[in-house]
Structure formats: structure tokens, C-alpha cells
Amino acid sequence: MKSITKLINFTKGIALESGKRLDSFDLMVETYGELNESKTNAILLCHAFSGDHHAAGKNEDQGIGWWDQIVGPSKAIDTDEYYVVCCNNIGGCSGSSGPTSINPNTKKVYGSDFPIVSVSDWVNTQKMLMDKLNIPYWHFVAGGSLGGMQALQWSIAYPDKIKKAGIFAAAAKSSTQNIAMNEVARESIRKDKNFHNGNYIEQNVIPKNGIKTARMLGHITYLSEKHMDLRFGRKFQDDASKIDKEVDFEVENYLQYKGEKFSESFDANSYIIMTKAMDGYDAAGKEDSLDEALKEIRAELLIVGFYSDWLYPPERGKEIQIAAINNNIKSSYVVLDGEHGHDSFLFHSEQYSKIIKKFIQS
Amino acid sequence: MARELSKIINNWVPEESKVIDFGCGDGSLLQKLIQTKNVLGYGVEINDSKIEECIAKGVPVIKQDIDKGINEFESSNFDLSIMARSIQCLKSPNLALERMLNLSKRCVVTLPNLGYWRCRLNLASGKMPVTPELPSSWYETKNIHLCTIKDFEQLCIDQNIKIKDKVFLNSNGSSGILASINPNLFAIEGVYLLEK
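Residues numbered from 1 in each chain as written. Chains lettered and ligands numbered in written order. Predicted model: local features only at pLDDT ≥ 70, side-chain atom pairs only at ≥ 80, totals over all residues.

**Digging into the overall build of chain B**
Using the following cut-off: Going along the chain from the N terminus, every DSSP run of H or I of four or more residues is numbered as a helix, and every run of E of two or more is numbered as a strand. We take the radius of gyration over the C-alpha atoms and set the globule estimate at 2.2 Å times the residue count to the 0.38 power. Exposed residues have 12 or fewer other C-beta atoms within 10 Å of their own C-beta, buried residues have 20 or more, and residues in between are partly exposed; the C-beta atoms are placed from the backbone. For every residue pair, C-beta atoms are placed from the backbone, and the pair is scored as a contact if these atoms sit within 7 Å.
Each helix and strand counted, chain B has eight helices and seven strands in total. For 196 residues, the compact-globule estimate of 2.2 N^0.38 gives 16 Å, and chain B sits close to it at 16 Å. Based on the C-alpha atoms only, the size of chain B along its principal axes is roughly 45 × 35 × 30 Å. Split into buried and exposed, the 196 residues of chain B put 43% on the buried side. Counted over contacts in chain B with a minimum sequence separation of 6, partners at least 24 positions apart contribute 61%.

Put into C-alpha cells, the structure is as follows:
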């Protein structure tokens, strides 16, 4: 698989939904496969909350890509046939402009000064990327969870630049419960003594405990009760492999391990910015009418939900489907078993992959 | 779906109308309607492999148990709803009829006729009918609400549903003379165009 990773600078900057501006910004981009001569085979992947530009394949720094089970040669999103593009979103911490970048105006790390960004802002930067790569339109834009929100927003914001959208384990807006969970996570970060109001880099510390606790909570919400039960049950962790001496059960050790690992690589301000973007998104807009908001869509939609997902349960996808039908949009709504809870969208299953593949080809 | 049946339904579907097919199977009827009548069609199906076939054909499909969710589409302004060979499998066929006519001006319903002479012979010999059209035994069948042509038309009268058109199919799957003279005895399937 031909894969290229590069940092692209956008010197013109962007006006953000919040009213603020980034005078210049970078996007870390990864591409797979090749754009054909007629430029009809481009696909955009939108990452979820903690994802990045590295969607497929394996590299030394980041290991296996977040959607490697779905994206690659002969896979559901076939990199032999399609030119696949994925970028780290602004506000993130994997190379694109974010709180850990240097503010070109002050020559200092942004830290808490990095502006709040939104799903719309991300879609707008991805559109700028599309133009820069000389891609006339996307054959398919897809993502799961927060990535699915971007796919939906693409079809709303740029109706003539997208043929098909894949909206997986997503919703037109975060639920009250989603926001509540995210707030607990943010609070644990903000109350870490090393947070320093978001300017911890200046102090040469990181609010590691806060990020860790936030991730542990988040991780629980991504899995299903059944999956956790099957995987860990009530098994005890053997002493030799305990991460922390307080740990009794395997599930505790697992969460400790996942939280610890995440806290070493993910930025605390990014955590806050990304979850705020997720909470703030509402496709229905100020009019509070999803029917109205979807009016201009010309893309064909594929909405997929998973029975075991309690964070963005299938009914949330159904709401998008009904609004799409009300607007005479060609759209399909499929619910799959997916044993991994909300995370199911990341994993290959025969049905899931087949449906994506057939939808792209049809 | 038999050619004759899809031909009859095809005749009743207006050009460029918005159609929903409950229990759409592999989507072949909708695909035909999309090709010949340029309809905006949506299928509703519960079987995953059938759903895959719909998506491969480019037929929009919604995974949904039709016993539960007909009324979800009430706000969508459909011109026509179709339920072919499925109404007898539902928990409440009468409610389903009511709901289909709430979400679309007209609906097409096809159903097997339990009054068909072969079925009557089976019953006369003291056994539940097992025929080429109704091949499952009583304990395995999905057809939990079978009725005769007479029963169905009585239900339409009781629910103030107008029968705008109807065609009866014989065992060859075509609209034969005997089936049209005495459908309750000679038709294996009734095909109805209904209106509120």
C-alpha cells in the first residue's frame, strides 16, 4: 500500500465558528493509494475523538492505524481502488495545529490560548485540504462517532463536493448523557494539580492523573457491558502483572494500563477541545430542526448503528435516517450486532465490511 | 418475486413517486420500480443478508422489524406503500393496514388465500394446509395470521378501506379465468390496491 505522511501548512488561516481566527495552521495528513486520472476515486476519513491522521497500515511511531481493519488493500475501503485521505484535526495533538503547537504570533506554545474549534471548523479545514490536493469532490466521506458527525456535516456544508457519506455509530448531536460523561472527564483534568489552568507546558509538567482518569471513564463508555463481562469477567489480576498494587480485578488493571498509556501521549487541552467540539455539535443548527438542516444534502447516506453501543445507540442514527427520508435523500440505515459497544465501528465484521464496500461501489 | 406480480404492482405505481416497500427482501421489486418508473424508493427489511443485497443494488434500505415501526415513517409523505406477502406474518395485520394508509395515500397489499381449494381439501382431511404456496408446517410457519380472500375484503369494509383495484393469481402465478370468477376458491394470491 502506497502511503504518504506529510505536514501541510495553510498560510491563509481560517475564521473559526467561534468568531476567532487562526492566522495560519498546519494539518498532518496521511494518504493511501493514488488519485486516478479522472480524480473520481478520492475518499476522506474523519477521525473520532482520540484518533489522528494515521488510519491504516503500520508505522514505527504510531503502530497500527485506528481503522486498519476497514482500510487497506482489498479491505472494505480498498486502497488499491481508492485514494484515501485522512488528517489529524486542528485542536488535536498529533501534528496538526493544536494546544501543543507554537502560536506563530507569540512564538510561544498555545496551551490554553488555543481557540475552541467545532465540527464545522474541521470540515472547513478538510475542504481546504481537498482543494490543496486538487481533488474536485469526495466519492465518499466516512467516520465513526465524532468522525460520523463530520461525515454528516460534510454532506450538509458542501452538498456538491460529496457523493456518498458513511455515518457510523454517530448522532446528529450529543445527548445530555454524552455531555455529562465528557464533563466528568474534563473536570478530572481541570482539577489535576498539574493543570495550571491549561498552561502546564510552561511549567514543565503534565496533568497526567487527570488525563488518565478521564480516559478510564471514557473507555468504559466505549465498551459494552457484555463485552467487558466476556473479556474480563470477575477474574483477578495475578500479582506479577499488576500495574498498581491497589488493583484486584483484571478489568481494573486493564483500565489502569489503558489510562496510563493514553496519558503519556494525549494532550490535556486537546482532550478538552475535542470533547467540547463533540458536545457542541448539533446538525439541526439554530433552527433546531434536523429536517430543515438536511434540506440541501445531495449525497447518498449510509448510516450504521450497533446494538451494543449505548453511548451513541442505533436510535440516534435512526433520527438522521428519518430526517433524510423526509428530505427525499437516498439513504440506508443498518444496525449490526457489533460486540464491542461504541467501539464496534472500528472493527471488521464480515457484514460491516461488506455493507461499506457495496455501498461505496453501488 | 414472480414476474406477473411485479408487473401488476408496476402498473399501479405512478412515475417519480415516493415509495416504501415493507418487507422488501433483496430489493428487486424496488430496483425495477426505480429503473422503470424512476421512483424514489426505500425498502424496509429485517434480514441482514437481504439488506446487503439491497445495498449492492443501490436500493436504499432501512433495517427495521415491520411489526414495530411502520408509523415511524408517517412524517415522510410517501405516495405509495407496498407490503407483498408479509401482512399475514404480522402480529396485527389490521393495525399495519391502518398505519400504511396513514403514511401514504395508497397501498399495495398481496396475501396468500387460505380459501384456495387445496387448503380446503387439507382442512377437510383434518389437517392444517401444507401447499406449494404455504409449504411450512403449522409449528414452523411465519404465517400467523392467514385469511381467505373473503376475510380480507371484509376487513377492508370494516376499516373503511377502499379497494381501488385487485388482481387474483392462480397456481401458475398468472391472473387466470377461474381465479377471477371465484377467487376465494381458485386464487392462490390476492393483489390489492387500497386507499383510505
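**Looking at helix H3 (residues 48–57) of chain B**
Buried residues of H3 of chain B: Ile51, Glu52, Glu53, Cys54 and Ile55 of chain B, and no others. Where H3 of chain B is buried, its residues touch strand E16 (331–336) and helix H10 (350–361) of chain A together with strand E2 (40–45) and strand E3 (61–63) of chain B.

**Thoughts on the interface of chain A and chain B**
Cut-off, in case you're wondering: For this scheme, ten residues count as nonpolar: Ala, Val, Leu, Ile, Met, Phe, Trp, Tyr, Cys and Pro. Four count as charged, namely Asp, Glu, Lys and Arg, and the remainder, Gly too, count as polar.
Taken together, the 17 residues of chain A in the interface contact 18 residues of chain B. Every element with two or more residues in the side of chain A that touches chain B is listed here: helix H9 (314–326), E16 and H10 of chain A. Per-class residue counts for the side of chain A that touches chain B are seven nonpolar, seven polar and three charged.

**Brief notes about the domain arrangement of chain A**
Residue and element names in this part refer to chain A. What counts, and what does not: What fixes the domain bounds is an automatic or database domain assignment.
With domains assigned, chain A is organised as domain 1 (3–173 + 282–361) and domain 2 (178–276). Put simply, the middle of domain 1 and the middle of domain 2, counted by C-alpha atoms, are 25 Å apart. Opposite the 22 residues of domain 1 that make contact, domain 2 presents 20 residues. Looking at the side of domain 1 that touches domain 2 residue by residue, the classes come out as nine nonpolar, 11 polar and two charged.

**Section: the packing of helix H1 (residues 3–12) of chain B against helix H2 (residues 28–37) of chain B**
What describes two packed helices is the angle between their axes and the distance between those same axes. All names here are of chain B. Applied cut-off: Helix axes are fitted only over the stretch in contact, all axes being lines through C-alpha atoms; the angle between N-to-C directions runs from 0 to 180 degrees. Orientation labels follow simple angle bins: below 35 degrees gives roughly parallel, above 145 gives roughly antiparallel, 65 to 115 gives roughly perpendicular, and whatever is left gives oblique. Crossing chirality is assigned from the near helix's rotation relative to the far helix, an anticlockwise turn below a right angle marking it left-handed and a clockwise turn marking it right-handed.
The contact between H1 and H2 brings their axes to 11 Å, and the two run at 45 degrees. In this view, H1 runs oblique relative to H2, as classed from their interaxial angle. Of the two possible hands of crossing, H1 and H2 adopt the one that is right-handed. Every residue of H2 that contacts H1 at Ser6, Ile9 and Asn10 is listed here: Leu29, Lys32, Leu33 and Thr36. Tallied by class, the residues present in the contact of H1 with H2 amount to three nonpolar, three polar and one charged.

**Considering unusual backbone geometry**
Residues and elements named next belong to chain B. In this structure, Asn77 takes a positive phi of about 55 degrees despite not being glycine. Topologically, Asn77 is positioned in the loop between E3 and strand E4 (78–84). Overall, the presence of 13 C-beta atoms within 10 Å leaves Asn77 in the partly exposed class. The phi angle at Asn160 is positive, at roughly 55 degrees, despite the residue not being glycine. As for its placement among the helices and strands, Asn160 is situated in the loop between helix H6 (149–158) and strand E6 (162–169). By the C-beta count within 10 Å, which is 9 here, Asn160 ends up exposed.

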